[in-house]
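Listed below are the residues making up each chain.
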Amino acid sequence: MQKAGIIAVLIGFGVFLTLPFITRHTLNEQLVAKEFGQEETSTLVSRELEPWFGKPLSSWKLISEIDKTIGNVNAEIVKRYALTSTDIDHLVELAKSQKLDEKHIEGLWGAFNFKTQSFMSYGSWLIGRSFNSDEELRNNIEQVANNITQYEVIPKKGIDTYVAKTLKYTLAKHSITGFVAANPFLLLFLTFGLSALGGLLMLTTFTKEPAGIKNNGIYFHPAKSRKWLGIIIGTLLIAFYIILYFYPQYMTGWIRMVDPISYLLSGNEAGQFFLYGLMYTVSVLVMGARMMAKYRHNRYQLVRTGSVMFFQTLFAFLIPEILVRLNQPYFDFKNAWPLNYDFFFDFNLNRLIASGNLGLFMLVWGIALSFIGVPLLTYFYGKRWYCSWVCGCGGLAETVGDPFRQLSDKSLRAWKIERVSIYSVLVFAVVMTIGVLYTYFTGSGELLGINTYSMRQVYGAFIGAGFAGVVGTGFYPFMGNRVWCRFGCPLAAYMGIVQRFKSRFRITTNGGQCISCGNCSTYCEMGIDVRSYAQRGENIVRASCVGCGVCAAVCPRGVLKLENVPVNTRVNTTNFVKR
Amino acid sequence: MHIVIIGNGIAGITTARHVRKLSDHQITVISSESEYFFSRTALMYIYMGHMKFEHTQPYENWFWKKNRIDLVFDRVTELDTDAKTLQLKTGKSINYDKLVLALGSVPRPLPTPGANLKGVQPLYSKQDLEQLEETTKGVKQAVVIGGGLIGIELAEMLHSRGIHVTMAVREKSYWDIVLPKEEAEMISKHIKARGIDLRLDTLVGSIHGAEKVDAVTLNTGETLACQFVGATIGVMPNIKFVEDSPIETNRGILVDEHLQTNIEDVFAIGDCAEIRTPDPGRRPIEAVWYTGRIMGETLAETLCGTPTPYRPGIWYNSAKFMDLEYQTYGQVPTTYEEDLDSLYWEDIVAERCLRIVYEKATKKVKGFNALGLRLRHELCDEWIAREQSLAYVLEHLEQLDFDPEFYTNYLSKAKANLEAIA
Ligand SMILES: Cc1cc2nc3c(=O)[nH]c(=O)nc-3n(C[C@H](O)[C@H](O)[C@H](O)COP(=O)(O)OP(=O)(O)OC[C@H]3O[C@@H](n4cnc5c(N)ncnc54)[C@H](O)[C@@H]3O)c2cc1C
Ligand code: SF4
Ligand code: SF4
């Protein structure tokens with residue numbers, strides 16, 4: 001059974017990894033015209049790409065051709081609209097003899113000419129000025145010319161990098177032909193189907209054995225102890241996240257494959273994040289089943305795992321898609337700010353406000369969740385109610401990440417780094433949100449001299465994508481399954497403060513029964529040295545504990561119990577051990 | 001003052017840590033087993049791949065220097081209590097003002113013919129574990145001799161590596177010298193169900209092989225092929241090293257209630273110590289983790305100027321037999337004829353049981369045994385110390401529950417059942 005499972009998984013992943021290499025794209029005139037709104041660039045692009053029309057290209061070839069094309073087109077556009085060296089010479093000559101005025105410029109190119117208009121917006125400060133030397137004059141004019149090229153010509157008449165990125169993606173996505181376009185269901189079966197099936201077959205390793213702790217051989221395993229397989233898995237994950245966030249144009253074959261599911265759910269074509277959501281959900285479900293098989297003797301683990309599977313499938317995946325189908329805003333009801341860092345971004349606020357009653361409800365719900373629900377529930381149950389029962393990141397960590405939980409660093413040094421790092425992200429998230437709201441209400445793009453737009457961009461790229469995605473998941477096989485939750489998540493930081501100082505949750509240490517074996521610390525995904533408390537007979541009250549309950553499960557002496565108790569008694573320690 | 005501790009196990013290390021907390025004395029800990037303190041109780045998990053050796057070290061390596069506890073990785077070969085000096089194997093000598101002997105145990109040697117063959121070994125030290133890793137390479141069948149706690153751990157370890165294990169146990173039921181019949185039977189069943197070939201009432205007559213073991217013959221006459229024999233028939237205090245010294249020994253190193261030997265300034269704690277006059281309900285030698293720790297805590301007080309008698313309180317212990325957890329508190333004898341009696345509840349299918357021991361005449365509760373259930377240590381201790389009545393204990397039984405959340409509340413089942421009997 002497990003053998004069959006491993007084979008199925010290998011085939012599934014094998015096909016999945018081959019797919020981008022067998023994806024073929026065929027371009028044609030209409031497609032190019034459709035993707036390029038602007039007629040001029042569209043004609044230019046068509047001219048450049050024409051030799052490839054009707055020919056199947058690999059994704060790599062296609063994208064390199066588009067890159068080349070964009071370069072050429074922009075060069076042509078620059079030739080047509082930017083100030084040429086002759087233009088500059090003329091201007092210099094003119095300005096040498098007299099001070100420049102508007103008439104001169106109009107005289108050069110005509111009143112309604114693009115050059116005239118751009119010169120007036122970028123070079124009007126030269127009007128009426130005199131210069132110390134010809135050299136200074138020329139330098140200034142050249143600088144203006146450069147600015148015009150960069151900020152006027154390319155964005156308005158050509159293809160700037162932002163547009164280029166989207167174009168590459170949409171052109172690649174919409175030009176898929178051949179096997180991948182013709183057989184999405186077969187491919188879905190071969191990739192998602194086989195991997196999921198294989199995953200389910202593999203969990204019979206656990207079910208064929210009697211119920212109980214299943215940690216045998218973890219430190220001999222090539223994936224679970226930072227050995228060769230772990231390195232391969234980690235590298236693939238990191239590569240996947242980098243492509244997902246930064247180079248989606250190379251993964252259009254995968255996205256094309258899941259189009260039918262997306263149409264079924266939301267009525268729209270799939271995007272990279274639909275693919276990601278689907279992969280995420282299927283992984284959580286399959287590996288959740290594995291987690292349940294592994295801990296089938298432990299009802300806390302069963303209920304909790306069931307809960308993250310439920311929230312991921314329904315709240316994170318299905319409901320948002322169905323909302324879109326109903327023409328409502330895409331909304332994940334369980335995703336709380338500041339983890340959901342763009343909740344207060346203008347586009348989100350505007351879109352919710354514009355969406356009638358449901359939109360307003362979502363707005364109020366989102367705010368209430370973060371500012372009332374989160375602290376209140378954390379007070380009663382500890383942050384575990386979110387981190388290991390509801391959260392999507394937590395859901396992935398507790399299911400897909402379970403094989404790697406032992407790899408978290410337990411040293412005091414790691415704890416010190418953790419505190420600096422996670423609270424820095426919290427401060428960053430709060431400051432960014434304040435900045436964004438300030439801009440939203442005042443219209444000013446600057447707060448205390450910091451540009452709120454670049455602030456949110458930096459946060460999105462470095463924290464949202466880089467930290468939460470690339471490092472957060474890609475590093476599972478190297479640093480354990482809670483790298484993001486432990487070192488980065490601003491919501492975890494926020495709940496951690498509540499949990500540490502005002503909460504009923506604690507892990508009780510059972511008198512003097514600890515034998516310092518270290519199982520609890522080893523299997524704590526948050527890198528908490530649980531043993532250091534347990535062996536002193538001290539209860540565990542730690543900001544970072546996500547209440548996964550695994551320490552209590554693996555303890556061979558029944559020393560640990562997750563409990564909600566009255567706040568004033570919770571740090572009491574037993575008198576069986578002297579401290 | 002220079003306090004020298006021989007042995008870096010739980011007893012020695014606890015003494016060192018607490019002396020440091022209480023004083024500025026110079027502390028030296030000597031051990032020939034490992035550079036740093038590790039948890040002996042976790043050795044099995046290294047072999048089973050749950051942990052690496054480093055995970056069994058309860059303190060990070062910087063801890064010792066920071067707390068000014070000098071560690072010496074060497075063997076003490078001679079002891080001169082008059083000159084107060086120790087001779088180390090590497091030739092160094094160390095003077096002490098106070099000496100703490102925390103020497104631990106040694107495995108009881110197997111008296112069986114053939115016990116010196118390759119592939120026959122005990123399990124106690126880090127070195128034993130390393131050797132085990134070597135000797136069990138390629139092994140298909142193993143025989144474990146002895147039905148104690150280490151025996152079952154060794155059986156589980158071998159089993160986890162796919163080795164077929166036969167356990168030869170002298171007793172009629174597993175560990176029935178310590179456990180009442182019902183508990184012993186539940187454990188026996190559990191072990192068998194996990195695939196261990198448990199042979200009760202069985203002795204190994206002889207071990208065969210040319211150089212390496214290849215079979216054992218049981219007292220039943222049956223011969224079992226095996227490439228490994230685990231010699232786990234118990235441990236005894238490690239006193240060889242003091243036998244030539246004036247320090248008085250019996251089975252262990254004899255100590256008074258302040259844990260001092262007959263020689264002034266020489267103390268003994270942990271597995272190697274034998275208490276001359278143990279408290280009621282306690283035995284002279286208790287080779288478990290907890291007593292080693294409590295002795296260390298107590299001795300540190302004495303060494304730092306507050307003479308403190310060793311009062312371990314109410315006995316408790318715990319173990320895990322493959323997947324079956326065991327906890328015990330207070331007095332739980334194996335048989336009930338005289339002044340004690342017990343109430344017993346079990347759920348055979350779910351593998352849970354609870355025994356409450358009480359005094360026949362007064363109905364005062366004296367002890368608890370639990371399998372498959374986690375009980376609250378603090379409450380068990382409090383109820384036994386306060387001599388709560390059986391009726392009270394039954395009424396409040398559910399408060400003992402320490403199982404994880406959402407577990408079936410077996411204690412309320414037990415309560416209903418036991419109230420009906422009582
Ligand atoms: C496999 C196994 C599992 C166990 N599981 C449990 C359990 O679950 N629960 C429980 O309560 N107990 C358990 N025990 C028993 C428990 O580990 C011991 O009671 C405890 O470790 C004893 O501690 P100690 O400090 O007295 O001695 P030790 O830990 O034995 O330490 C003594 C140290 O002194 C060193 N030493 C001795 N002589 C010299 C010398 N001359 N020079 C230098 N160094 C020397 C030894 O090498 C050793 O390192 C287990 C024991 C084993 C072997
Ligand atoms: S301390 Fe225990 S419950 Fe908390 S995160 Fe670590 S393993 Fe999970
Ligand atoms: S797992 Fe249990 S016995 Fe082992 S160190 Fe942790 S609390 Fe102590």
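## A few points about the overall build of chain B
Phase 1 of the analysis: Scanning chain B from terminus to terminus reveals 10 helices and 25 strands.
Phase 2 of the analysis: Based on the C-alpha atoms only, the size of chain B along its principal axes is roughly 65 × 60 × 40 Å.
Phase 3 of the analysis: When contacts within chain B are restricted to residue pairs at least 6 apart in sequence, those whose partners lie at least 24 apart make up 60%.
Phase 4 of the analysis: Entry remark: accessible area of chain B is about 17300 Å², with carbon and sulfur atoms responsible for 49%.
Phase 5 of the analysis: Each charge class in chain B was averaged separately, 46 positive and 60 negative side chains, and the resulting centres sit 3 Å apart.

## Structural notes on unusual backbone geometry
Phase 1 of the analysis: Here the amide bond leading from A:Trp337 into A:Pro338 is cis, since omega sits at 5 degrees, within 30 degrees of zero.
Phase 2 of the analysis: Inspection of the secondary structure puts A:Pro338 in the loop between helix H16 (299-325) and helix H17 (346-353).
Phase 3 of the analysis: A positive phi angle, close to 55 degrees, is found at B:Trp175, a residue other than glycine.
Phase 4 of the analysis: Checked against the element boundaries, B:Trp175 lands in the loop between strand S11 (164-168) and helix H6 (181-193).
Phase 5 of the analysis: Among the residues examined, B:Trp175 registers a relative accessible area of 11% and is labelled buried.
Phase 6 of the analysis: Phi is positive for B:Glu387, which is not a glycine, with a value near 50 degrees.
Phase 7 of the analysis: Turning to its location among the elements, B:Glu387 is positioned in the loop between helix H8 (377-385) and helix H9 (390-395).
Phase 8 of the analysis: Classification of B:Glu387 by relative accessible area gives partly exposed; the value is 35%.

## A short note on the site of ligand 1
Phase 1 of the analysis: Neighbouring ligand 1 are 32 residues; A:Arg557, B:Glu33, B:Tyr124, B:Asp271 and B:Trp289 lie closest to it.
Phase 2 of the analysis: Between B:Tyr124 and ligand 1, the recorded distance is 2.5 Å, taken from a side-chain N or O atom to an oxygen atom.
Phase 3 of the analysis: In isolation ligand 1 offers 990 Å² of accessible surface; the protein chains occlude 95% of this area.
Phase 4 of the analysis: Broken down by secondary-structure element, the contributors of at least two residues to the shell around ligand 1 are helix H1 (10-22), helix H5 (149-160) and helix H7 (289-303) of chain B.

## With respect to the domain arrangement of chain A
All names here are of chain A.
Phase 1 of the analysis: Segmentation of chain A into domains returns domain 1 (27-174), domain 2 (219-502) and domain 3 (503-569).
Phase 2 of the analysis: Each of domain 2 and domain 3 was reduced to a C-alpha centroid, and the two centroids are 26 Å apart.
Phase 3 of the analysis: With 34 residues of domain 2 in contact, the opposing surface of domain 3 contributes 29 residues.
Phase 4 of the analysis: For the domain 2 and domain 3 pair, buried surface summed over both sides reaches about 2500 Å², with 53% attributable to carbon and sulfur atoms.
Phase 5 of the analysis: Looking only at domain 2, the three residues that lose the most surface to domain 3 are Arg384, Lys410 and Gln499, adding up to 24% of its buried area.

## Concerning the packing of aromatic side chains
Phase 1 of the analysis: Evaluated as defined, the whole model comprises 55 aromatic pairs over all chains.
Phase 2 of the analysis: Here B:Tyr59 and B:Trp64 contribute two aromatic rings whose centre-to-centre distance is 5.6 Å and whose plane-to-plane angle is 75 degrees, an arrangement assigned as edge-to-face. One exposure class covers both B:Tyr59 and B:Trp64, and it is buried.
Phase 3 of the analysis: Put simply, the rings of A:Phe16, A:Phe240, A:Tyr241, A:Tyr245, A:Phe246, A:Trp254, A:Phe273, A:Tyr276 and A:Tyr280 pair up and form one aromatic cluster.
Phase 4 of the analysis: The ring of A:Trp415 is capped by A:Arg419, whose NZ or CZ atom sits 4.4 Å from the centre of that ring.
Phase 5 of the analysis: Between A:Arg536 and the ring centre of A:Tyr533, over which it is positioned, the NZ or CZ distance is 5.7 Å.

## With respect to the pattern of salt bridges
Phase 1 of the analysis: Applying the stated rule across the entire model yields 54 salt bridges over all chains.
Phase 2 of the analysis: A:Lys294 serves as the salt-bridge partner of A:Asp402, at 2.7 Å between the closest nitrogen and oxygen. Taken as a pair, A:Asp402 in the loop between helix H20 (392-399) and helix H21 (412-442) and A:Lys294 in helix H15 (residues 272-294) lie far apart in primary sequence, 108 residues in all.
Phase 3 of the analysis: The buried category is assigned to A:Asp402, whose relative accessible area is 1%.
Phase 4 of the analysis: In this structure A:Lys294 comes out as buried when scored by relative accessible area, which is 4%.
Phase 5 of the analysis: Linking B:Glu248 and B:Arg276 is a salt bridge whose minimum nitrogen-to-oxygen distance equals 3.6 Å. Of the two residues, B:Glu248 sits in the loop between strand S17 (235-237) and strand S18 (253-255) while B:Arg276 sits in the loop between strand S20 (273-275) and H7, which places them 28 residues apart along the sequence.
Phase 6 of the analysis: Owing to a relative accessible area of 36%, B:Glu248 belongs among the partly exposed residues under this scheme.

## What to know about the site of ligand 3
All names here are of chain A.
Phase 1 of the analysis: The immediate surroundings of ligand 3 are formed by 13 residues, with Cys514, Cys517, Gly518, Cys520 and Cys555 found nearest.
Phase 2 of the analysis: At the level of elements, helix H26 (519-523) and helix H27 (530-534) are the ones that each hand at least two residues to the shell around ligand 3.
Phase 3 of the analysis: Here the residues of the shell around ligand 3 are counted per class, giving 9 nonpolar, 3 polar and 1 charged.

## So, the sheet that holds strand S5 (residues 85-88) of chain B
Sheet strands associate in pairs through backbone hydrogen bonding, adopting either a parallel or an antiparallel arrangement.
Residue and element names in this part refer to chain B.
Phase 1 of the analysis: Reading across from one edge, S4-S5-S6 is the order of the 3 strands in this open sheet, with antiparallel pairing throughout. In this open sheet, the two strands that pair with only one neighbour each are strand S4 (76-80) and strand S6 (93-95). Within this sheet the neighbouring strands show an average axis-to-axis angle of 20 degrees, counted without direction.
Phase 2 of the analysis: Here S4 runs beside S5; their pairing, made up of 4 bridges, is antiparallel. Pairing of Glu78 across the sheet is with Gln87, part of S5.

## Details of the domain arrangement of chain B
The parts lose accessible area when they come together, and the size of an interface is often stated as this lost area.
Residue and element names in this part refer to chain B.
Phase 1 of the analysis: Splitting chain B by domain gives domain 1 (2-106 + 236-303), domain 2 (120-233) and domain 3 (316-421).
Phase 2 of the analysis: Centre-to-centre separation of domain 2 and domain 3, based on C-alpha positions: 30 Å.
Phase 3 of the analysis: Contacts between domain 2 and domain 3 engage 21 residues on the former and 20 residues on the latter.
Phase 4 of the analysis: Summed over both sides, the interface between domain 2 and domain 3 buries roughly 1800 Å², with carbon and sulfur atoms accounting for 68% of that surface.
Phase 5 of the analysis: On the domain 2 side of the interface with domain 3, the three residues burying the most area are Glu183, Met186 and His190, jointly 35% of the side's total.
Phase 6 of the analysis: Our enumeration of links across domain 2 and domain 3 arrives at 3 salt bridges.
Phase 7 of the analysis: In this structure, the salt-bridge partner of Arg355 is Glu183, at a minimum N-O distance of 2.7 Å.
Phase 8 of the analysis: The tally of links from domain 2 across to domain 3 stands at 8 residue pairs in polar contact (both at pLDDT 80 or more).

## Some remarks on a nonpolar patch on the surface
Phase 1 of the analysis: A cluster of nonpolar residues, A:Ile367, A:Phe371, A:Ile372, A:Leu376, A:Leu377, A:Phe380 and A:Tyr381, forms a patch on the protein surface that exposes about 640 Å² of accessible area.
Phase 2 of the analysis: With respect to the helices and strands, the residue A:Phe371 is situated in helix H18 (residues 356-381).

## Here we look at the packing of helix H6 (residues 102-109) of chain A against helix H7 (residues 114-123) of chain A
Each pair of packed helices can be summarised by the angle the axes make with each other and by the distance between the axes.
Residue and element names in this part refer to chain A.
Phase 1 of the analysis: As a packed pair, H6 and H7 sit with axes 8 Å apart at the nearest point and diverge in direction by 155 degrees. Put simply, H6 runs roughly antiparallel to H7. Two packed elements cross with a definite hand, and for H6 against H7 that hand is right-handed. Within the contact between the two elements, H6 uses Glu102, Ile105, Glu106 and Trp109 and H7 uses Lys115, Thr116, Phe119 and Met120.
Phase 2 of the analysis: In terms of residue class, the contact of H6 with H7 is built from 4 nonpolar, 1 polar and 3 charged.

Thresholds applied
Residues numbered from 1 in each chain as written. Chains lettered and ligands numbered in written order. Predicted model: local features only at pLDDT ≥ 70, side-chain atom pairs only at ≥ 80, totals over all residues. Heavy atoms only, no water. Helix = DSSP H or I, 4+ residues; strand = E, 2+ residues; numbered from the N terminus. Contact = heavy atoms within 4.5 Å. Areas by Shrake-Rupley, 256 points an atom, 1.4 Å probe, with all protein chains shown as cover. Lys, Arg positive; Asp, Glu negative; His and termini not counted. Charge placed at Lys NZ, Arg CZ, Asp CG, Glu CD. Buried < 20%, exposed > 50% of the residue type's maximum accessible area, 1.4 Å probe, protein only. Near = heavy atom within 4 Å. Polar contact = N/O pair within 3.5 Å; in protein donor to acceptor, adjacent residues only side chain to side chain. Domains from an automatic or database assignment. Buried area = accessible area lost by both parts, 1.4 Å probe. Phe/Tyr/Trp six-rings, centres within 6.5 Å; stacked < 30°, edge-to-face > 60°. Lys NZ or Arg CZ within 6 Å of the ring centre and 35° of its normal. Salt bridge = Lys/Arg side-chain N within 4 Å of Asp/Glu carboxyl O. Nonpolar A, V, L, I, M, F, W, Y, C, P; charged D, E, K, R; others polar. Pairing = 2+ DSSP bridges. Axes fitted to C-alpha atoms, helices over the stretch in contact; angles between N-to-C directions. Patch = residues over 30% accessible without salt bridge, like charges linked within 9 Å, V, L, I, M, F, W, Y side chains within 5 Å. Parallel < 35°, antiparallel > 145°, perpendicular 65-115°, else oblique. Left-handed = near helix turned anticlockwise from the far one by under 90°.

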